[in-house]
Amino acid sequence: MDYQAILDEIEAEIQPYLDEGKVADYIPALASVPQRQFAMTITLFNGTQYSVGLAEKLFSIQSISKVFTFTLALKFYSKSLYKRIGHEPSGNPFNSLVQLEYEHGKPRNPFINAGAIVITDALINHYKGVEETYEEVVNFIREVACDASITSDSVVANSEMQHGHRNLALANLMKSFGNLDNEVYDVVNTYFRHCALEMNTKTLSRSMLYLANHGIDPLCAKQFISPNQAKRINAVMLTCGHYDASGDFAFHVGLPGKSGVGGGIVALIPKLMGIAVFSPGLNAQGNSLVGTKALELFTSKTGLSIF
Ligand code: GLN
C-alpha cells in the first residue's frame, strides 16, 4: 500500500476543515496556539514512518498521557485497580462532576479526568512521592516513544493549575468519598505536569507500537505489559478514549484511540502500526475535529480498521 500517497491525499482533503472547531481556551496557555495546523504520522512495526504536515512540531499531549499512566497503574496494581475506577464509557464530558457524585466518587474509567486523577494518586502511592511519580511517568513515555528529550512545558502546567478549579473539585469530591489517598493539590499538580508533556506526531505514533503488539515493543522486543493488559487498554481506548464522542469515533474511525485537548489523537491498528494526528481545533466534545476527520479518511481509504 502506498501510505505516503494516502497521507498526501488526506492532507489535501482536510484543508477546508482547518478553520472549524476551536482551540482549548479554558487552559489560557493553550488559547494562543494557532489553529491552522495539521500533522499526521504512521509508524510501522519495522520503524518505517510516513508523515505529512508539521510532524516535527511539538504540542501538548494533554489527555493522551492518560494512556501511559493507565498502562503503569495496570502493570503495578493489576485487577485491584478496578476497585477504584471502572472500565465503562461515561457518556459524559471529560470533566463532568455529576456522575461522580451519583457513583460515590468512583470514576467510570481511567480516561475521564476523575479517573486519570485517581490513577495519578495510585502511582504516587506506588512510587512513594510526587517527584518520583512525575519522573517515572516521563521515563516510561521516553522509553515507549524512543525519545529521551521529551519534557513537560511548565508554562502550560502552571496555567492549568491556576485555572484548575474543576479538576480540583473532582479531586476534592473523590477525597470526600475516600477515593484519594494523597493531598488534592499534589495529585492534581502531578496530573497537570504529565498532561503538559510535549511530543510530536512522529514520537506519539512510535509510542503506540507496544499497544499494537500485545504489550511488546516490536522494535526493541521489550515487554512493557502483559498481552492481557494490552488487550484491556485497547478496549478502554476504543470505548472511552474520546469521552462522550467515543461511540462516534468508533463508528467513523473504527480504531482504539485517545485524544487530548492539545489537538493530538493517537490510534493504532493491531499487528500493523501506530498512528498520531495533530490539529488544535476541537469539536464540541474536546477532540481534534480535523484529527478525527483525518483518521476517518485513513481507515476509509486503506480499508484498515478493527472491524
Ligand atoms: N489537562 C486537561 C484537563 O484536565 C486534559 C483534558 C483533555 O485532554 N481532555 O482538563
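Residues numbered from 1 in each chain as written. Predicted model: local features only at pLDDT ≥ 70, side-chain atom pairs only at ≥ 80, totals over all residues. Heavy atoms only, no water.

Here we look at the overall build of the protein chain
Our working definition: Helix and strand definitions here come from DSSP, where helices need a minimum of 4 consecutive H or I residues and strands a minimum of 2 consecutive E residues; each element is numbered from the N-terminal end. Two things to know: the radius of gyration comes from C-alpha atoms, and the globule rule equals 2.2 Å times the number of residues to the power 0.38. Accessible area is worked out with a 1.4 Å probe on protein chains only. A residue is then buried under 20% of its type maximum, exposed over 50%, and partly exposed in between. Note on contacts: a residue pair qualifies if any of its non-hydrogen atoms lie within 4.5 Å across the two residues. Asp and Glu are treated as the negative residues and Lys and Arg as the positive ones, with His and the ends of the chain left uncounted. Where a charge sits is defined by one atom per residue type, namely NZ (Lys), CZ (Arg), CG (Asp) or CD (Glu).
Looking only at helices and strands, the protein chain features 14 helices and seven strands. A globule of 307 residues ought to have a C-alpha radius of gyration of about 19 Å, and the protein chain, at 18 Å, matches this closely. In terms of its C-alpha atoms, the protein chain occupies a principal-axis envelope of roughly 55 × 40 × 35 Å. The buried share of the protein chain, taken over its 307 residues, is 58%. By sequence separation, contacts in the protein chain at least 24 residues apart represent 68% of the contacts at least 6 residues apart. One finds the centroid of the 24 positive side-chain charges in the protein chain at a distance of 7 Å from the centroid of its 29 negative side-chain charges.

Describing the site of the ligand
Inclusion rule: By convention in these notes, a residue is near a molecule or strand provided one of its non-hydrogen atoms lies within 4 Å of it. Counted as a polar contact is a pair of N or O atoms within 3.5 Å, where, for protein atoms, one must be capable of donating a hydrogen and the other of accepting one, and residues adjacent in sequence contribute only when both atoms are in side chains. Only the protein chains shown count as cover for residues, and the accessible areas themselves come from Shrake-Rupley with a 1.4 Å probe.
Every residue near the ligand is listed here: Y26, Q62, S63, F94, N113, E160, N167, Y191, C195, Y243, G260 and V261. The side chain of S63 places a nitrogen or oxygen atom 2.6 Å from an oxygen atom of the ligand. One of the backbone N or O atoms of V261 is found 2.9 Å from an oxygen atom in the ligand. Protein contacts shield 100% of the accessible area of the ligand, which totals 290 Å² for the unbound molecule.

Some details on the side chain of T190
Summarising the element assignment, T190 is placed in helix α9 (residues 184–195). Residue T190 is classed as buried on the basis of its relative accessible area of 3%. The residues contacting T190, other than those within four sequence positions of it, are T120, I124, V130, T133 and Y134.

Here's the deal with α9
Rule in force here: Multiplying one less than the number of residues by 1.5 Å gives the expected span of a helix.
The terminal C-alpha atoms of α9, which comprises 12 residues, lie 17 Å apart, in line with the 16 Å expected from a rise of 1.5 Å per residue. With nine of 12 residues buried, α9 is to be regarded as a mostly interior element. Listed in full, the buried residues belonging to α9 are V184, V187, V188, N189, T190, Y191, F192, H194 and C195. Elements in contact with the buried residues of α9: β3 (59–60), α3 (65–77), α5 (113–127), α6 (130–145), α7 (154–162) and α8 (165–176).

Thoughts on the layout of surface pockets
Put simply, the rule reads: Only protein atoms enter the 1 Å grid used here. Points where a 1.4 Å probe fits but cannot escape make up a cavity, open sets with protein on both sides within 12 Å along at least five of seven lines make up a pocket, and a residue lines them when an atom lies within 4 Å of a point. Grid points are joined across faces, edges and corners, and a volume is the space filled by probe spheres set on the points. Just so you know the grouping, Ala, Val, Leu, Ile, Met, Phe, Trp, Tyr, Cys and Pro go in nonpolar, Asp, Glu, Lys and Arg go in charged, and all remaining residues, Gly too, go in polar.
The calculated volume of the largest pocket comes to roughly 250 Å³. Considering every element that reaches the lining of the largest pocket, the biggest residue donor is helix α12 (residues 227–240), with six residues. Within the lining of the largest pocket, the residues separate by chemical class into four nonpolar, six polar and two charged. Volume-wise, the second largest pocket comes out at about 220 Å³.

Let's talk about the side chain of T120
Along the chain, the position of T120 falls in helix α5. Classification of T120 as buried rests on a relative accessible area of 0%.

Some words on the sheet that holds strand β2 (residues 49–53)
Stated formally: At least two bridges found by DSSP between two strands is the condition for calling them paired. All axes are obtained by fitting lines to C-alpha atoms, using only the stretch in contact for helices, and the reported angles, taken between N-to-C directions, cover 0 to 180 degrees.
With antiparallel pairing, the five strands of this open sheet are ordered in space as β2-β1-β7-β6-β5. Because the sheet does not close on itself, it has two edges, and the strands there are β2 and β5 (257–259). With direction set aside, neighbouring strand axes in the sheet form an average angle of 10 degrees. Pairing analysis gives five bridges linking strand β1 (residues 39–44) to β2, with the strands arranged antiparallel. Across the sheet, residue A39 finds its bridge partner in β2, namely G53.

Some remarks on empty space enclosed by the protein
Unfilled space is identified by rolling a water-sized probe across the atoms. Inspection of the entire model under this criterion finds two cavities of 30 Å³ or more. Estimated volume of the largest cavity: approximately 80 Å³. In terms of lining residues, the largest cavity is bounded by N92, P93, F94, S96, Q99, L100, K106, P107, R108, I112 and A114. Split by residue class, the lining of the largest cavity holds six nonpolar, three polar and two charged. Quantified by volume, the second largest cavity comes out at close to 50 Å³. Surrounding the second largest cavity, Y26, Q62, S63, F94, N113, E160, N167, Y191, C195 and V261 form its lining. When its residues are assigned to classes, the lining of the second largest cavity shows five nonpolar, four polar and one charged.

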